[in-house]
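Residue-level listing of the chains:
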Amino acid sequence: MHQFFLKSYRFFQQNKLPGILLLLAFVAGVGFLASKVALEEDVTGLIPAGKDQDVLKRILNETEFSDKIIITISSEEEQPQDLTAYAERFIDSVHTKLPGFIENIQGKVPDEGVREIYNFVYQNLPFFLNEKDYREIEEKLSDTAIAKQIKEDYRSIISPTGIVTKNFIFQDPLSLGPIGLEKLRELQIGDNYLLYNNYLLTKDKKHLLLFITPTLPASETNKNNEFISELKEIQQQLNLEFKNVKGDFFGGVLYSLANANQIKKDVQITISIAISILLILLIFFYRKIYVPLILFIPGIIAALTAIAILYIFKGSISAISIGIGSILLGITLDYGLHILTHYRNNRDVSQLYREVTTPVLMSSLTTATAFLCLLFVNSDALNDLGMFAAISVIIAAFLALLLIPLLYGKRITETPKNTFLDKLAAIQFFRIKPLFFSVVLLFVLGLFFFTKVKFNNDLSKINFQPETIKKAEQKIQNIANSNGKTLYLVSYGNTIDEALQENSKVYQRLKNFNTEHRLNSYSSIGGVVLSTQTQNKKIQEWKDFWDSRDTSALKNKILSESAKYGFKPASFKDFYHLLNKDFKNLQLNDYQKTTNLYLNDFISISEDFATVTTTVNLGDVPSQEFTAQFDHLDHMLIIDRERINEGFLGNLKNDFNQLIGFSILAVFMILLIAYQNLEISLLTLFPIGITWIIALGIMGAFGIEFNILNIIISTFVFGLGLDYSIFITNACLKEYQTGKSELTTYQTSILISVITTLLGIGALIFAKHPALRSVSSVSIIGVLSAVLVAFVIQVWLFNILFINRRKKGLPPFRFSKIRSFIRSKIYYKQDLYYQDAVLDNYRYKPVYTQAKAEFTEKKESYLRVSNFIEKGECVFFFYSGIGVFPIYLSYINPNSKVTGYEISEEAITIARNCFRSTHEFLKFTTAIAEAKTCSTFIIPDHELIDLEEMKKIINQFGKKVIVLHHDLNTQWLLDANFEITYRQSGILVFERE
């Protein structure tokens, strides 16, 4: 694959202008497509999919549970006049200064509003009555009760308030309306309130409440900042004006703004400091001021490309996924860092591509695979994140390989100056015993603590909650006497009528439960807004009640009693009409015309979905006992933060448990395909397991919990750890193959990656926002654990199992030969061709396939040639390649001195670093002159570049020549007095006295 990038590099080097134009056109194209993508800002996208979860998302989208702002106006003493005066001024100021931000203000009921509500209830009285109410009406119809009620009506009319009450009395002489009006109490939480001068006050007359419905949702933080700022200014001005009365307010929007503002502040401060330090560090290390810009280019283009691709196939993407995915810049930055670090230390571009292409592409592929496993999580936002991240890292790796060598250019100095990072990276950390045993101890302790890490379902724990807002919230709860848990019982259906029918079932169970267990309060329209079916039933009950009674006698009784007080016969004609009225079903818009019912607080309707909400404050009633009464109702969902978090976010945690399993399996398969070796794949993946044990152990020991945010970031940490592991594996394999350690270069690039990550995400540990701190703490622990394990444990394992064994002349570790971990001569002599012995020298090296193919093809001729080698002979093998044949001869003729000659530095390096090369009678050389010490020569079937030199040496020192070259003219051997002693199967043996 490195040849593709090398050819591309050379092409664009020679065609810079077309290359620049092509890049600009590509960026413009993906930028245009990315700009057209629709961003889905719905935070419920994080909620996993499923039947209940899908309903929950729709409900949360359709209803507004926390958008209202509650205004409290309070006094130390009973001062209702001052409270209402403050409220009047407040309402006027808000309407004057904030007309665009306010939908309505509740809490004041005008006189016409009271009359409107009474008339609505009275004109539709059957819909507000139940069986108990009819028993009460029955009692009011007795002769004694009628006489008493008419007398009270007369006294009320002649009283000072009669001017207000007389219209109600003429309309309803038996006072049936108040029975129906009782149902309206259920529209308000609590009975701790009264109306004073048309305002809602607590019964002690020390607190007045107003409710503002903003026009903007809580997510509109920029405009809401202006709104809340103006609201605070109004409140402060009135607090100064009214000495004995103070106003305050609270609403969910305050938490939203506090969180948004704190996140912005934290990010601006920490990231600006981190980026400044990072820029200085990168410029200092690479000695070029434009290096940081180069590093970010592949990641930015990759992100735009990923969004453009998602636009083509989906048309939209979750804004949350892009926000979380921005952290991917840390991973995509790593690819550039690795490439730049290698380029810094090696100006040969072809060598650069040979070294970095495979590890960079492998890292991107394994990381992308890990992110693609997010598709197994039933969450739209996380699915988008998985696709966005996977596409980004693959494209970023590709672009980094293509662009960075082109953009970085040739180094100014041939030898870069060593910095403190170079010196630090040159340390063999696994040899520092205190550090080694510390990592081992962390792993052992991690085994005891990693199971103690908990998943925190409470989203409030990762919200920023300023003390001033918490106090305002507590004050509201104390005033409303609602310190108990508040639940929302949401009935839903395809139409409002279906939702109202379901709400009727909820209402009946709620009433029954409240009869047996005293709830703190509840607010429901179950007794007010009825489904068509229920209305029909109510109308029939009304008809049945009056049909069974003599309404003429009732009318005569009222006339006779009222005449005693001077009432005219027509005074109560509206009441007589009510008794004979033919009631019709009410539609929702009939209810909504009564503006002071505020039914929109309870009902939400969209094109094919409707909800009806009931609010319950449990007080001292256990939550589980209450919710158990409703668990088996269809088309009803209980909105309880704890139940939602435990149920839905708990499912998300389970999904992530599966995700880890899928990720490990998928990554292992890719490693297996890339390395084509079980041992190397496991040794690359094994450090990730150790990293997780250590990281989770530290989290468990210090009580750091997972939450919805940092568990997602753990995927990012997993990807970084995997990158480190792959690069260390390639560094160790390169040393094992060539004998030249390049671990310093790889460790340098990893250290820069660690520093950039810690400066970026890690800097957020100083943030005040709990969510940012939780993300940062997990990232810091994960990244530090990953780099420690990679530098200490992984390098140590490779040294123990491979490099040190090569130095001792032993074969590398293999699972298949674990019973013969230390190979013996007996083991090897069980094999006629010494196949395992020979091939073990090339195992885990890129040339293994080449060596195996050569040995398989020529092992028969190898065996025949070995028969012509006498004990103690000095054999010189011309053009030995990577040393397969000389190594074989060394095994089968261990007492003969075998020297392999090769002009290729790369091939001779591989041969010299085979563990058999430590044998005292085996050697490899690039000097043909060393052939003068030998008397037996082997000429392979190879291009003979030094043929004339070979002839001179053989003529002068040779006693035996074995020719395997099919086309070699051997007359010169006969001319030198050699005789043919063997000719068969492509082998010619010449000997002379």
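The rules behind the values
Residues numbered from 1 in each chain as written. Predicted model: local features only at pLDDT ≥ 70, side-chain atom pairs only at ≥ 80, totals over all residues. Heavy atoms only, no water. Helix = DSSP H or I, 4+ residues; strand = E, 2+ residues; numbered from the N terminus. Buried < 20%, exposed > 50% of the residue type's maximum accessible area, 1.4 Å probe, protein only. Areas by Shrake-Rupley, 256 points an atom, 1.4 Å probe, with all protein chains shown as cover. Pairing = 2+ DSSP bridges. Axes fitted to C-alpha atoms, helices over the stretch in contact; angles between N-to-C directions. Contact = heavy atoms within 4.5 Å. Phe/Tyr/Trp six-rings, centres within 6.5 Å; stacked < 30°, edge-to-face > 60°. Lys NZ or Arg CZ within 6 Å of the ring centre and 35° of its normal. Disulfide = S-S within 2.5 Å. Patch = residues over 30% accessible without salt bridge, like charges linked within 9 Å, V, L, I, M, F, W, Y side chains within 5 Å. Salt bridge = Lys/Arg side-chain N within 4 Å of Asp/Glu carboxyl O. Parallel < 35°, antiparallel > 145°, perpendicular 65-115°, else oblique. Left-handed = near helix turned anticlockwise from the far one by under 90°. Nonpolar A, V, L, I, M, F, W, Y, C, P; charged D, E, K, R; others polar. Polar contact = N/O pair within 3.5 Å; in protein donor to acceptor, adjacent residues only side chain to side chain. pLDDT = per-residue confidence, 0-100.

> For this particular structure, what's the right way to read the overall build of the protein?
What the protein contains, in helices and strands, is 37 helices and 20 strands. By residue count, 53% of the 993 residues in the protein fall in the buried class. For the protein, the computed accessible surface area is about 45,600 Å², with 55% contributed by carbon and sulfur atoms.

> So what exactly am I meant to see when it comes to the sheet that holds strand S15 (residues 897–901) here?
Through backbone hydrogen bonds, the strands of a sheet pair up, either in parallel or in antiparallel fashion. As summarised here, the arrangement of the seven strands in space is S16-S15-S14-S17-S18-S20-S19, forming an open sheet in which the pairing is mixed. Where the open sheet ends on each side, the last strands, each with one partner, are strand S16 (922–925) and strand S19 (979–984). With direction set aside, neighbouring strand axes in the sheet form an average angle of 15 degrees. In the packing of helix H35 (residues 905–912) onto the sheet, the strands contacted are S15 and S16, and the crossing angle to S16 comes to about 160 degrees.

> Whenever I open this one, the packing of aromatic side chains confuses me. Can you help?
The geometry of an aromatic ring pair comes down to the distance between the two centres and the angle between the two planes. A full pass over the atoms with the stated rule returns 33 aromatic pairs. With 6.2 Å between their ring centres and 50 degrees between their planes, phenylalanine 727 and tyrosine 746 make a pair best called tilted. Placement of the pair is phenylalanine 727 in helix H28 (residues 710–738) and tyrosine 746 in helix H29 (residues 743–760), with a sequence separation of 19 residues. Tyrosine 746 carries the same exposure label as phenylalanine 727, and that label is buried. Counting every residue linked through ring pairs, the aromatic cluster contains Tyr134, Trp542, Phe545, Trp546 and Phe583. Sitting over the ring of tyrosine 576, lysine 555 keeps its end group 5.0 Å from the ring centre.

> Mind showing me how you'd approach the state of the cysteines here?
Throughout this description, disulfide means a covalent bond between two cysteine sulfur atoms. According to the stated counting rule, one finds one disulfide in the structure shown. Between the sulfur atoms of cysteine 874 and its disulfide partner cysteine 934 the distance amounts to 2.4 Å. Pair noted here: cysteine 874 is in strand S14 (residues 874–877) and cysteine 934 is in the loop between S16 and strand S17 (936–939), with a separation of 60 residues, a long-range link. Look at cysteine 874 and you get buried, because its relative accessible area is 15%.

> What exactly am I supposed to notice about a nonpolar patch on the surface here?
Side chains of Val440, Leu441, Val444, Leu445, Leu447, Phe448 and Phe449 sit close together on the surface and give an oily, nonpolar patch of about 580 Å² of accessible area. Within the secondary structure, leucine 447 sits in helix H18 (residues 433–449). For leucine 447, a relative accessible area of 43% puts it in the partly exposed group.

> Mind showing me how you'd approach the packing of helix H27 (residues 678–701) against H28 here?
Each pair of packed helices gets described by two things: the angle between the helix axes and the distance between those axes. With their axes 9 Å apart at the nearest point, H27 and H28 run at an angle of 140 degrees to one another. In terms of axis orientation, H27 runs oblique to H28. The two elements H27 and H28 meet at a crossing, and its hand is right-handed. Within the contact between the two elements, H27 uses Ile680, Thr684, Leu685, Pro687, Ile688 and Trp692 and H28 uses Ser714, Phe718, Gly721, Leu722, Ser725, Ile726, Thr729 and Leu733. Looking at the contact of H27 with H28 residue by residue, the classes come out as nine nonpolar, five polar and no charged.

> Is there a simple way to explain the pattern of salt bridges in this structure?
Should the charged atoms of two oppositely charged side chains come close, the side chains can pair. Going through the model one piece at a time under the given rule, you end up with eleven salt bridges. When the shortest N-O distance is used, the salt bridge between glutamate 241 and arginine 89 registers 2.2 Å. Note that glutamate 241 is positioned in helix H10 (residues 221–241) and arginine 89 in helix H4 (residues 80–97), a separation of 152 residues in sequence. Relative accessible area serves as the criterion here: at 42%, glutamate 241 is assigned to the partly exposed category. Arginine 89 sits in the partly exposed class, given a relative accessible area of 35%. In this structure, lysine 584 and aspartate 582 form a salt bridge, with 3.5 Å as the shortest nitrogen-oxygen distance. Here lysine 584 falls in the exposed class, since its relative accessible area comes to 57%.

> Honestly, the side chain of serine 681 in this entry has me stumped. Any pointers?
Along the chain, serine 681 falls in helix H27. From its side chain, serine 681 meets the backbone oxygen of leucine 671 in a polar contact 3.2 Å long. Beyond its immediate sequence surroundings of up to four residues, serine 681 is in contact with Phe668, Leu671, Leu672 and Tyr675.

> Before we go on, may I ask you to explain unusual backbone geometry in this structure?
Working note: non-glycine residues mostly have negative phi, and peptide bonds are mostly trans. The phi dihedral of serine 175 is positive, around 55 degrees, even though this residue is not glycine. Structurally, the position occupied by serine 175 is in the loop between helix H8 (162–171) and helix H9 (177–181). Not every positive phi belongs to a glycine, and asparagine 977 is a case in point at roughly 70 degrees. Within the secondary structure, asparagine 977 sits in the loop between helix H37 (971–975) and S19. Residue classification places asparagine 977 among the exposed residues on the basis of a relative accessible area of 61%.

> Which parts of the structure should I look at to understand the side chain of glutamine 747?
Turning to its location among the elements, glutamine 747 is positioned in helix H29. A relative accessible area of 1% means that glutamine 747 is categorised as buried. Reaching out from glutamine 747, the side chain makes a polar contact with the backbone oxygen of alanine 425 at a distance of 2.6 Å. One polar contact links the side chain of glutamine 747 to the main-chain carbonyl oxygen of isoleucine 427, over a distance of 3.3 Å. Excluding residues that lie within four positions of it along the chain, glutamine 747 makes contacts with Ala425, Ile427, Phe429, Ile728, Phe791 and Val795.

> Hey, could you run me through the packing of helix H6 (residues 131–140) against helix H21 (residues 532–547) in this one?
Running from N to C, H6 and H21 cross one another at 25 degrees; their axes reach a closest spacing of 12 Å. It follows that H6 is roughly parallel to H21 by the angle criterion. The crossing of H6 and H21 is right-handed. Contacts from Tyr134, Ile137 and Glu138 in H6 reach Lys538, Glu541, Trp542, Phe545 and Trp546 in H21. By residue class, the composition of the contact of H6 with H21 is five nonpolar, no polar and three charged.

> What should I look at first to understand the confidence of the model for the protein in this one?
Atom-level detail of predicted coordinates should not be read off regions where pLDDT is low. Residues with a pLDDT of 70 or more make up 84% of the protein, whose mean pLDDT is 79. Here residues 41–45 is a poorly scored stretch, pLDDT under 50, and it has ten contacts once near neighbours within four places are set aside; other chains count. This model gives residues 819–827 a pLDDT under 50, and the stretch forms 13 contacts once residues within four places in sequence are excluded.

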